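Survey of secondary and tertiary structure
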Amino acid sequence: YTSGNIGPRLEMDSSGVLGWVYSNITEDNNQFYAHIVLSSGLSANNWHCAAITYNGSGNSSTTYYNGTATGISRGTIGTPTGFVGSINSLNIGRGFYNARYFNGKISNTSIYNRALSATEIQQNFNSVRSRFGI
């Protein structure tokens, strides 16, 4: 069984890098885009806001941390060609293969059928930030 990198999936690796992983390749888990949100500085017991936008016509993505674009380039593993066209199953707080469960709290999740603008990302962040002390 493959398709573990269909995504979007937000995860932190063992070195503390927070990033998004996504692909449209269902046959091979070794072909995906990796887009870093934050390479260091995450602290436990604090709220963080991570967002990603994807533009299908240009096959481009932008990551945001606490409402601000990170300016970090997207990396490519293998030869993915885009983002999955539709999300048929959605899991929040669980990695692929029914493993790697998230141990923490998730306050809210939103999925849009279009890429939000940087202004919209900032507005969404600002509308809830005081609730979480950010």
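In the block above lies the structure referred to throughout.
Keep in mind that this is a model prediction, so the values were computed, not measured.

Focus on the pairing of strand β2 (residues 18–22)
Each regular strand carries side chains that alternate between the two faces of the sheet. By the criterion of burial, β2 is predominantly enclosed, with 5 of the 5 residues buried. The side-chain alternation of β2 yields two buried faces, one formed by Leu18, Trp20 and Tyr22 and the other by Gly19 and Val21. Sheet analysis places strand β1 (residues 9–12) next to β2, joined by 4 bridges and oriented antiparallel. Across the sheet, residue Glu11 finds its bridge partner in β2, namely Gly19. Hairpin connection, β1 to β2: the antiparallel pair is bridged by 5 residues, and Gly16 has positive phi, about 90°. The pairing of β2 with strand β3 (residues 32–38) spans 5 bridges and is classified as antiparallel. In the sheet register, Tyr22 faces β3, and the bridge partner there is Tyr33.

Notes on unusual backbone geometry
The backbone of Asn59 shows a phi angle near 45°, a positive value even though the residue is not glycine. Topologically, Asn59 is positioned in the loop between β4 (50–55) and β5 (60–65). Even without a glycine there, the phi angle at Asn66 is positive, about 50°. Mapped onto the elements, Asn66 comes out in the loop between β5 and β6 (68–69).

Notes on the packing of aromatic side chains
Within this structure, the stated rule accounts for 3 aromatic pairs. Ring plane angle 70° and centroid distance 5.6 Å describe the contact between Tyr22 and Tyr54, whose orientation is recorded as edge-to-face. Here the residue Tyr22 occupies a position in strand β2, and Tyr54 occupies one in strand β4, the gap between them amounting to 32 residues. With a centroid separation of 4.6 Å and 55° between ring planes, the pair formed by Trp47 and Phe132 is classed as tilted. In this pair, Trp47 sits in the loop between β3 and β4 while Phe132 sits in the segment after α1 (118–128), placing the two residues 85 residues apart along the sequence. Looking at Trp47, the relative accessible area reads 32%, which means it is partly exposed. Taken together, the aromatic side chains of Tyr22, Tyr33 and Tyr54 make up a single cluster linked through ring pairs.

What to know about the pattern of salt bridges
Under the criterion given, the structure shown has 2 salt bridges. Among the salt bridges present, the one from Glu11 reaches Arg9, with a minimum N-O distance of 2.7 Å. For Glu11, a relative accessible area of 27% gives the class partly exposed. For Arg114, the salt bridge identified is with Glu120, shortest N-O distance 2.8 Å. Take Arg114: its relative accessible area is 46%, and that puts it in the partly exposed class.

Observations regarding the sheet that holds β1
Across the sheet, which stays open at both edges, the 4 strands sit in the order β1-β2-β3-β7 with antiparallel pairing between neighbours. Among the strands making up the open sheet, the edge pair consists of β1 and β7 (74–77). Shown here is a sheet whose adjacent strand axes are inclined to one another by a mean of 30°, direction ignored.

What counts as what
- Residues numbered from 1 in each chain as written.
- Predicted model: local features only at pLDDT ≥ 70, side-chain atom pairs only at ≥ 80, totals over all residues.
- Heavy atoms only, no water.
- Buried < 20%, exposed > 50% of the residue type's maximum accessible area, 1.4 Å probe, protein only.
- Helix = DSSP H or I, 4+ residues; strand = E, 2+ residues; numbered from the N terminus.
- Pairing = 2+ DSSP bridges.
- Phe/Tyr/Trp six-rings, centres within 6.5 Å; stacked < 30°, edge-to-face > 60°.
- Salt bridge = Lys/Arg side-chain N within 4 Å of Asp/Glu carboxyl O.
- Axes fitted to C-alpha atoms, helices over the stretch in contact; angles between N-to-C directions.

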